[in-house]
Amino acid sequence: MLTPTQRRQQAIAITKNPKISGSARVVAEKIVGIMDEQFVRMAGYLGQPSPAGDYQQAEISGPGILALIKPVGDQCNLRCRYCFNKPFQASEVMPEAILEKIVKEVLETSPVGNFTLHGGEPTLAGLGFFQKLIDLQQRYARPGQEVKNSVVTNATLLNEDWAKFLSIHKFGVGISIDGPPEVHDKNRVYPDGCGSMERVLEGIRTLQAHGITPGVLSVVGCPPATSPQNLYDYFISIGIRQWRSKICRTKENDGGYGQYIEGLFETWCERGGNANIIFIEEVLRGLSGYRTRTCWMSGACQRLIGFEPDGVVSPCCEMSLDPQYHFGNIASSSLRDLLEGSAAKTFWAEKKKGDDNHCHGCEWGFLCKGGCTYQRIQYGGEVSGRDYLCDVYKDSFSRLAERIDSFLNQDFIQERDVFEESPVKCLLAGNL
């Protein structure tokens, strides 16, 4: 395998050579784009001018807390066949007093206010709840404090009013779609068994009409499934340019994930790299020596804090399903006390034990950071256990690394003038 420095240097060399095209150029340009993002950050430290372009993307690995708020708990208007929550369990909308305490204490505790509303289906809380969130943020944010909002939704309830509000307040929007209608409508269904794709597409078109380009969370591997090529082409056809293909949480469907991701990578290269597939981008980022950004691949699990409608606080939001992993309730305790309390300390100590027991010396540890804590619990029953997808991810990483290095590992003469753009860029390439 190439080293991260070699990958960065080869990527720059390829982009400088007009004779190189195809998959090698697609991979190289993506790595150079990742380097540009790092250049923006380092330029700020060194006082260098930043290149033109919008590189400001929300990162889970950024500073502070990411507050995962479930306005109606797990309640949902759909009954997805593989859902591990309890969407049928009705819940009251989070009281304004609980929401106010969450917003106030997150903004007091965290340098940047990151809020994500999800569930269940968070739009069941109504636009009024979302407006209360904005009002409270405006009340409690410190001068100059950055506040970011996003919502994860099935999009079936979105309309003009929702799209206008989300656009005005610059919400990031993530939508759950599993592929073309013939696939999506088999699993993401209403209580009467009817598929939801028609309404999802109406919601997407409404968002797009208001200048919002949503990202997508796609569950792959649950029958029926579509091919990587069909998934890719369908998303592009409906205007989706960024998505995460997430493995279906059933053990019998895990084996083909690495092959599926490899198929997506091949399609991405063949189509000219005109989309951001989160897993592939994260692997490219890690293999190039940079910090990954998704929750489980960044090692930032401890930053994700879940809030239930009744004020229960838990690590992430997945662990809210089991009271033994609750840190306490923000209605009766301060957020700082909960995050520094005995329940939280025990939980994170157990996670570290799992990292030490299962990940020490693993060649892929720099990419997965021990995997998803919830997936340790889901099948093993212990925070200190092993992510049940460990072998699946190792297979996926090795497949992608082999393909990426095969494109980059070409016989180029490294000339120093390749790195003349700036001392900072030269440093990032590993050529100083």
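Just above sits the structure.
Right, let's walk through the structure included here. (Residues numbered from 1 in each chain as written. Predicted model: local features only at pLDDT ≥ 70, side-chain atom pairs only at ≥ 80, totals over all residues. Heavy atoms only, no water.)

Remarks on the pattern of salt bridges
Here is the rule we go by: The rule for a salt bridge is simple: a side-chain nitrogen of Lys or Arg has to be within 4 Å of a carboxyl oxygen of Asp or Glu. A run of H or I in DSSP becomes a helix once it reaches four residues, and a run of E becomes a strand once it reaches two; helices and strands are each numbered from the N terminus. Throughout this description, buried means an accessible area under 20% of the type-specific maximum (1.4 Å probe, protein chains only), exposed means over 50%, and partly exposed covers the range between.
Per the stated rule, a full pass over the model turns up 28 salt bridges. With a closest N to O distance of 3.5 Å, R285 and E282 form a salt bridge. Of this pair, R285 and E282 both sit in helix α10 (residues 278–287), three residues apart, which is roughly one turn of that helix. A relative accessible area of 1% places R285 in the buried class. Of the residues examined, E282 reaches a relative accessible area of 3% and is grouped as buried.

Structural notes on helix α15 (residues 373–380)
Worth spelling out the cut-off: Should any heavy atoms of two residues lie within 4.5 Å, those residues are counted as being in contact.
T373, Y374, Q375, R376 and I377 are the residues of α15 that are buried. For α15, the elements touching its buried residues are α13 (342–359) and α16 (390–408). Immediately downstream of α15, the backbone of G381 shows phi near 80°, a positive value.

Some words on unusual backbone geometry
Along the chain, G119 connects to G120 via a cis peptide bond; the corresponding omega equals 20°. With respect to the helices and strands, G120 occurs in the loop between β2 (113–117) and α4 (127–140). In this chain, P223 is followed by P224 through a cis amide linkage whose omega measures -5°. With respect to the secondary-structure elements, P224 resides in the loop between β5 (215–220) and α8 (228–237). Its identity is not glycine, yet A155 carries a phi of approximately 75°, on the positive side. Among the secondary structure elements, A155 is positioned in the loop between β3 (147–153) and α5 (160–168). Owing to a relative accessible area of 0%, A155 belongs among the buried residues under this scheme.

Some thoughts on the sheet that holds strand β10 (residues 328–329)
Inclusion rule: Paired strands are those between which DSSP finds at least two bridges.
One open sheet accounts for ten strands, arranged β7-β6-β5-β4-β3-β2-β1-β8-β9-β10; its pairing is mixed. Every interior strand has two partners, whereas the edge strands, β7 (276–277) and β10, have only one. Pairing between strand β4 (residues 172–176) and β5: three bridges, direction parallel. Its bridge partner lying in β5, I175 is registered against V216.

Some details on the layout of surface pockets
Selection criterion: Of the two site types, the cavity is a set of points on a 1 Å grid over the protein atoms alone where a 1.4 Å probe fits but cannot get out, and the pocket is an open set with protein on both sides within 12 Å along at least five of seven lines, each lined by residues with an atom within 4 Å of a point. Grid points are joined across faces, edges and corners, and a volume is the space filled by probe spheres set on the points. Residue classes follow a fixed rule: Ala, Val, Leu, Ile, Met, Phe, Trp, Tyr, Cys and Pro count as nonpolar, while Asp, Glu, Lys and Arg count as charged, and any other residue, Gly among them, counts as polar.
Counted as a void, the second largest pocket has a volume near 300 Å³. Forming the boundary of the second largest pocket are 14 residues, of which G73, D74, Q89, E308 and S320 lie nearest the centre. Residues that form the lining of the second largest pocket fall into these classes: four nonpolar, five polar and five charged.

Considerations on the nonpolar core
For the record, the criterion: Remark: nonpolar core denotes a set of buried residues (Ala, Val, Leu, Ile, Met, Phe, Trp, Tyr, Cys) joined through side-chain atoms within 4.5 Å.
Membership of the largest hydrophobic core comes to 112 residues, with the highest contact counts inside it found for V27, W243, W268, F307 and F397. In this view, V27 contacts F265, W268, C269, L284, I404, F407 and L408; residues no more than four positions away in its chain are not counted.

So, the side chain of T116
Looking at where T116 falls in the secondary structure, it is placed in strand β2. With sequence-adjacent residues up to four places away left out, T116 is seen in contact with L66, A67, L68, I69, S150 and V152.

Focus on the packing of aromatic side chains
Our working definition: Side-chain rings of Phe, Tyr and Trp (the six-membered ring for Trp) are treated as a pair once their centres are within 6.5 Å; stacked means planes under 30 degrees apart, edge-to-face means over 60, and tilted covers the remaining angles.
The full count for this structure, using the stated rule, is 23 aromatic pairs. Plain terms: the ring middles of Y232 and W243 are 5.3 Å apart, the flat faces sit at 75° to each other, and that makes the pair edge-to-face. On the criterion of sequence distance, the pair formed by Y232 in helix α8 and W243 in strand β6 (residues 242–247) is long-range, its members being eleven residues apart. For W243, a relative accessible area of 0% translates into the label buried. With a centroid separation of 6.3 Å and 25° between ring planes, the pair formed by F279 and Y393 is classed as stacked. Here the residue F279 occupies a position in helix α10, and Y393 occupies one in helix α16, the gap between them amounting to 114 residues. Of the two residues, F279 and Y393, neither departs from the other in class, the shared state being buried. Taken together, the ring pairs in this structure connect Y257, F279, W296, W364, F366, Y393 and F397 into an aromatic cluster.

Looking at the packing of α10 against α16
The following threshold applies: Axis definition: a line fit to C-alpha positions, over the contact stretch in the case of helices; interaxial angles, taken between N-to-C directions, run 0 to 180 degrees. Under this scheme an angle from 65 to 115 degrees is roughly perpendicular, one under 35 degrees roughly parallel, and one over 145 degrees roughly antiparallel; angles in between are oblique. Less than a right angle of anticlockwise turn of the near helix away from the far helix marks a crossing as left-handed, whereas a clockwise turn marks it as right-handed.
Look at α10 against α16: their axes get within 11 Å of each other, and the N-to-C directions meet at 70°. Between α10 and α16, the interaxial angle falls into the category roughly perpendicular. Viewed along their axes, α10 and α16 form a crossing whose handedness is right-handed. In contact with F279, I280, V283, L284 and L287 of α10, α16 contributes Y393, S396, F397, L400, A401 and I404. Taken together, the residues of the contact of α10 with α16 sort by class into ten nonpolar, one polar and no charged.

Structural notes on the packing of α4 against α5
Their axes nearest at 11 Å, the elements α4 and α5 cross at an angle of 10°. Here α5 runs roughly parallel to α4, going by the angle between their axes. Across the interface between the two elements, L127, F130, Q131 and I134 from α4 touch D161, W162 and F165 from α5. In terms of residue class, the contact of α4 with α5 is made up of five nonpolar, one polar and one charged.

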